Amino acid sequence: MKYKINQINKRYFPVFIALVLLSAFCIINFPVAATIKTPQAAKTQYIASLQQGKELYEAGRFAESVNVLQQVVTNYGDDGDELQQSIALSNLALAYQKLGKLNEAQQAINQSLKLFGIDNKQNSIQNLHSKIENQQVLAPILDIQGSIQLDLGQGEEALKTWQGAENIYKQINNQSGIVSSRINQTQAWQILGFYRRSLTILTGLQKELQGQPNSITKTVELRLLGDALQLAGDLKQSRQVLQQSLEIAQKLNSPDNISAALFSLGNTARVEQDFSAAIKFYQQAAIATANPITKIQAQINQFSLLVSTGNTETAQALFPEIENHISKLPPSQTNIYAQINLVQSLLKLGINPQKIAQISATAVQQARNLADKRAESFALGTLGTVYEQTKQFSNAQKLTQQALTIAQTINAPDISYRWHWQLARLFKQQGKIENAIASYDNAVNNLQTIRSDLVAVNRDVQYSFKESIEPLYRESVGLLLESQKKNPQEKTLDKARQRIESLQLAELDDYFRQACIDTQTVILDKIVDQDNPTTAIIYPIILPEQLQVIVKIPQQPLASYTINKSQKEVETIVNQLREYLLEPDTTEEVQVLSQQVYGWLIKDIESDLKNSGVNTLAFVLDGALRNLPMATLYDGEKYLVEKYAIALSLGLQLLTPKPLAEQPLNVLAAGLVEPPPEFQKFPPLPEIKSEFNLIGQAGVSTKQLLDQEFTSKTLEKNVNTTGFNILHLATHGQFSSRPENTFILAADGAINVNQFDSLLRRRNETGNPSIEMLVLSACQTAAGDNRATLGLAGASVKAGARSTLASLWHISDKSTAILMGEFYRQLAKTKVTKAEALRRAQVMLLKKYPNYERPGFWAPYVLVGNWL
């Protein structure tokens, strides 16, 4: 996933602030106190200076804008014109924000509000706004304050500020202000984890806008709404709303708004991975506008997509036109980042390195001329990347260190991590392994500090998790393990596996576009060594040239071993095995490949497991291995599930374990036999009633919601009012690497994964006990999609469920009913762990039901999370 970050990079939209800028950063001739006796000539000069600051801001020359505005603030202060001084201070805050100087921005905006009698430490905006005469000035100032607060990670404060702004806009009947404030609020709600509330607000805004007559304001607001829907993950609605914005702009013959709508449509198509449509939208956006900056941004997005999709000839043909346009643009922050983004794509294309270095050097000089430290750091580091690729390591290191120093000086960990990482690669290339490890550590630590806003890293340049985050973790783990081959140390092994866990959490954060797991956790090792000493933990780590396996056996130090299989070889075998598991009459092929994987993961520790009395294996899986049920691993005589109970974990940390056997089982069961009309690609599930009956026969207390009783509303109501500890959903579900394509079906349609999360999270807020287990008996994950299982597990863990039992692919619902009935019978009657109950149910299906002995029937069920 890539998109142009400087257009829609953050979870709130800088473009909103730009719109606020048009109302706040302008010359407002409000009545002022009669006691002010500034000569008219001076007033005219101040107004001209304020206008100059605005124009410099809009041109991306923020440092120059700051200089002008500082003088304007001083002038109005000397004259005692507090209203105009407040306006100038708020615009100064905006310019500081653009330069990444958030402390200065915060000071300026606080000074601006103080002139209105608002001291954030003592007074409430909501209580004061009705007393303030010049509300039309205060509201946009509050919008600016909210954006700065969100930049500082103060989500709750930003939300309150924007709500205060909305109240003022309502009092002065400013509909455009109400819309922009509400859209900003949705970004804060998302960061705070309330996706459903965010989507409810966006849906309400969409309905309100439909009733308005066509206007430039409406097309802009629809575009902002479409961008917000895209960020919230509702891509279908995003495209529809943006298409409407485009149609209105076309009717009004507004070229700039036509181009902007096309650009946003390109961004949405890009996130949808509809690359051909995205390229076409960017191409049209570039043609539609006369604005050279918009044109170059659209062309560079088009160029980067052409490069990443392998259309090198078309990309090379487009490059001279881009180069020509960029050379004619005046220096500005936008122009600098355009050049940096261009360089990133050129490095992949293999263009003459001298040409790439020249573009980078120009960006460096422009950033220095504009005194834009963020841009200078990016430009210097990018030039260092060029030298790295041409193996001029000394120059590369010098430039990278300069870039890092600047990033640290302005306290920008979202940039610093990148240059620590680059230094690590350079040190490694030069054989300075200890220095490289230290730099990798610094890079990872920087990422940890911005985890809550990980999606927004590299906000001014193109962002892709697989390019900007994941390789850092894998490279660092590879170097750690390589460095201790001759002298293995448990401390280093522990560090390596913790780093892989950090990668898994980072993937979850990227998947849900927010920090997911903030609940109290315990270390798995403590469970293994103290609470449940019959469990071993296995951590396979897929590296480019080898497979590393770290093992934790109870009461023993960490151990590791290396399998000389490249990532490509591992993925080929695992993907082929997954395909065989889904096909009939391929049992022999399944066993051959399963035996190979068994040899990688289990064979070297077989005797240790046996001698230690281990009966449960917890796997922390990586990459393609997540799509493979470990139950199918084969030793030549038996499947792994015949010897061990099996569970999966997201990492070294687990929600506080609580054996289910110690509690009475209370199940809220919801099932859907016939899918809704718009989801006819999913077959009926006629055996659901049998499945529910078998659960009841197992002696489990059950409340059922069947067919039309199972809607999103009835599920939410029962989740919040029913005393249960297991939520069992017997309905089609689909999990993919894209949250918008991850859902479960209810009678009234699909429940998106983010809506589902909000629904479960609300239960926790009402004081009800945590859900011990979420059962999804008819879901499926996308084949070959390494992040699909991550989404499956993360959906419940994020919402506070201790474990999830789900299927990796759809199987016969008759065999599902039998397996689920036995699973609950084992839980209720024998008081075994969840993992052991699942093992017994799977083995029963394998051995007692000839029609279902093939692994494709019993293997896909996986238990993720707490196995006790």
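Residues numbered from 1 in each chain as written. Predicted model: local features only at pLDDT ≥ 70, side-chain atom pairs only at ≥ 80, totals over all residues. Heavy atoms only, no water.

> Describe the overall build of the protein chain, with residues and values.
Scanning the protein chain from N- to C-terminus turns up 37 helices and 15 strands. Look at the contacts in the protein chain between residues 6 or more apart in sequence, and 70% of them connect residues 24 or more apart. (Helix = DSSP H or I, 4+ residues; strand = E, 2+ residues; numbered from the N terminus. Contact = heavy atoms within 4.5 Å.)

> Before we move on, can you summarise the packing of helix α20 (residues 373-389) against helix α21 (residues 393-409) with the specific residues and values?
The interhelical angle for the contact between α20 and α21, taken along N-to-C directions, is 160°, at an axis separation of 8 Å. Overall, the two elements α20 and α21 adopt an arrangement that is roughly antiparallel. The interaxial crossing formed by α20 with α21 has left-handed handedness. Residues Lys-373, Glu-376, Ser-377, Leu-380, Gly-381, Leu-383, Gly-384, Tyr-387 and Glu-388 of α20 touch α21, and the partners they reach there are Phe-393, Asn-395, Ala-396, Leu-399, Thr-400, Gln-402, Ala-403, Ile-406 and Ala-407. Residues that form the contact of α20 with α21 fall into these classes: 9 nonpolar, 6 polar and 3 charged. (Axes fitted to C-alpha atoms, helices over the stretch in contact; angles between N-to-C directions. Parallel < 35°, antiparallel > 145°, perpendicular 65-115°, else oblique. Left-handed = near helix turned anticlockwise from the far one by under 90°. Nonpolar A, V, L, I, M, F, W, Y, C, P; charged D, E, K, R; others polar.)

> Help me get a handle on unusual backbone geometry, residues and values and all.
Of note in the backbone geometry, Asn-411 takes a positive phi value of approximately 55° without being a glycine. As for its position among the elements, Asn-411 is in the loop between α21 and α22 (413-429). Located in the positive-phi region is Asp-585, a residue other than glycine, with phi close to 60°. In this fold, Asp-585 is placed in the loop between α28 (567-582) and α29 (587-601). On the basis of relative accessible area, Asp-585 is assigned to the exposed category, the value being 73%. (Buried < 20%, exposed > 50% of the residue type's maximum accessible area, 1.4 Å probe, protein only.)

> Pulling in residues and values, what's your account of the confidence of the model for the protein chain?
A residue-level look at the protein chain finds 87% of positions with pLDDT of 70 or above and a mean pLDDT of 84. Confidence drops under pLDDT 50 across residues 1-37; counting only partners more than four residues distant or on other chains, this segment forms 126 contacts. Low pLDDT (under 50) marks residues 126-132, which in the prediction has 16 contacts with non-local residues, meaning those over four places away or in another chain. (pLDDT = per-residue confidence, 0-100.)

> Give me the lowdown on helix α27 (residues 524-531), citing residues and values where you can.
Buried within α27 are the following residues: Leu-524, Asp-525, Ile-527 and Val-528. Angular distribution of buried residues about the axis of α27 spans 165°; they occupy a single face of the element. (Arc of directions from axis to C-beta.)

> Describe the nonpolar core, naming the residues involved and giving the relevant values.
In terms of nonpolar packing, the biggest core is built from 185 residues, with Phe-303, Leu-601, Ile-602, Leu-617 and Phe-619 touching the most fellow members. Ranked by residues supplied to this core, first place goes to helix α18 (residues 333-349) with 9 residues. Those residues in contact with Leu-601 that sit more than four places away from it in its chain are Ile-538, Pro-540, Leu-547, Val-549, Tyr-561, Phe-619, Met-630 and Leu-633. Counting 39 residues, the second largest nonpolar core, distinct from the first, contains Leu-50, Tyr-57, Val-68 and Phe-116. (Core = buried A, V, L, I, M, F, W, Y, C linked by side-chain atoms within 4.5 Å.)

> Describe in detail the packing of aromatic side chains, supporting the description with residues and values.
Under the defined criterion, the tally for this structure stands at 13 aromatic pairs. Between Phe-303 and Phe-319, the ring centres sit 6.3 Å apart and the planes meet at 35°, which makes this aromatic pair tilted. Placement of Phe-303 in helix α16 (residues 292-308) and of Phe-319 in helix α17 (residues 312-328) is noted, with a sequence separation of 16 residues between them. A ring pair is formed by Phe-378 and Trp-419, whose centres lie 6.4 Å apart and whose planes are at 80°; its orientation type is edge-to-face. You can see Phe-378 sitting in helix α20 and its partner Trp-419 sitting in helix α22, a full 41 residues away along the chain. Given the relative accessible area of 1%, Phe-378 is considered buried. According to the relative accessible area criterion, Trp-419 is buried, its value standing at 0%. What links up through ring pairs into an aromatic cluster is the set Tyr-337, Phe-378 and Trp-419. Positioned over the ring face of Trp-421 is Arg-425, at 5.3 Å from the centre of the ring. (Phe/Tyr/Trp six-rings, centres within 6.5 Å; stacked < 30°, edge-to-face > 60°. Lys NZ or Arg CZ within 6 Å of the ring centre and 35° of its normal.)

> Describe the pattern of salt bridges, listing the residues and the values that go with them.
A complete count under the given rule lists 24 salt bridges for this structure. With a closest N to O distance of 3.5 Å, Glu-642 and Lys-847 form a salt bridge. Placement of the pair is Glu-642 in the loop between β5 (616-619) and β6 (645-648) and Lys-847 in helix α36 (residues 834-848), with a sequence separation of 205 residues. Classification of Lys-847 by relative accessible area gives exposed; the value is 57%. (Salt bridge = Lys/Arg side-chain N within 4 Å of Asp/Glu carboxyl O.)

> Describe the pairing of strand β12 (residues 749-752), listing the residues and the values that go with them.
Inspection of the sheet shows strand β11 (residues 743-746) paired to β12 by 4 bridges, in the antiparallel sense. Pairing of Ala-746 across the sheet is with Gly-749, part of β12. Counting the residues that bridge the hairpin from β11 to β12 gives 2 residues. (Pairing = 2+ DSSP bridges.)

> I'd like a rundown of the pairing of β5, residues and numbers included.
Burial along β5 is two-sided: the face carrying Thr-616 and Ala-618 and the face carrying Leu-617 and Phe-619 are both buried. As judged from the 4 bridges shared by strand β2 (residues 535-542) and β5, these two strands associate in the parallel manner. Bridge pairing in β5 places Ala-536 opposite Leu-617. Pairing geometry for β5 and β6, over 4 bridges, is parallel. In the sheet register, Ala-618 faces β6, and the bridge partner there is Ala-647.

> Kindly report on the environment of Phe-710, identifying the contributing residues and their values.
Structurally, Phe-710 can be placed in the loop between β9 (701-706) and α32 (712-721). Sequence separation between Phe-710 and Ala-747 is 37 residues; the distance between their C-alpha atoms is 5.9 Å.

> Which residues make up the packing of helix α8 (residues 135-151) against helix α9 (residues 155-171), and what values do they have?
Helix-helix packing is described using two parameters, namely the angle between the two axes and the distance between the axes. Running from amino to carboxyl end, α8 crosses α9 at an angle of 165°, the nearest separation of the two axes being 8 Å. Taken together, α8 and α9 sit at an angle that is classed as roughly antiparallel. Remark: the crossing between α8 and α9 carries left-handed chirality. Together, Gln-135, Leu-138, Ala-139, Pro-140, Leu-142, Asp-143, Gln-145, Gly-146, Ser-147, Gln-149 and Leu-150 of α8 and Gly-155, Glu-157, Ala-158, Thr-161, Trp-162, Gly-164, Ala-165, Ile-168, Tyr-169 and Gln-171 of α9 make up the contact between the two elements. Looking at the contact of α8 with α9 residue by residue, the class counts come to 10 nonpolar, 9 polar and 2 charged.

> Tell me about a negative patch on the surface, residues and numbers included.
On the surface, Glu-579, Glu-583, Glu-588 and Glu-589 cluster together to form a negatively charged patch. If you trace the backbone, Glu-583 turns up in the loop between α28 and α29. For Glu-583, a relative accessible area of 32% gives the class partly exposed. (Patch = residues over 30% accessible without salt bridge, like charges linked within 9 Å, V, L, I, M, F, W, Y side chains within 5 Å. Areas by Shrake-Rupley, 256 points an atom, 1.4 Å probe, with all protein chains shown as cover. Lys, Arg positive; Asp, Glu negative; His and termini not counted. Charge placed at Lys NZ, Arg CZ, Asp CG, Glu CD.)

> Account for helix α12 (residues 216-232), with residues named and values stated.
Each α-helix winds once per 3.6 residues, and so residues spaced three or four apart point in a common direction. Counted at 1.5 Å a residue, the expected span for α12 with its 17 residues is 24 Å, and the 24 Å between its end C-alpha atoms agrees. Within α12, 15 of the 17 residues are buried, which leaves the element mostly enclosed by the surrounding structure. Immediately beyond the C-terminal end of α12, within one or two residues, lies Gly-233, with a positive phi of roughly 95°. (Expected span 1.5 Å × (residues − 1).)

> Provide a residue-level description of the side chain of Thr-731, including the pertinent values.
Within the secondary structure, Thr-731 is located in strand β10 (residues 726-735). Here Thr-731 falls in the buried class, since its relative accessible area comes to 3%.

> Give me the environment of Ser-394: which residues, what numbers.
As for its placement among the helices and strands, Ser-394 is situated in helix α21. In the structure, Ser-394 is positioned 32 residues away from Leu-426 in sequence and 8.7 Å away in space, judged by C-alpha atoms.

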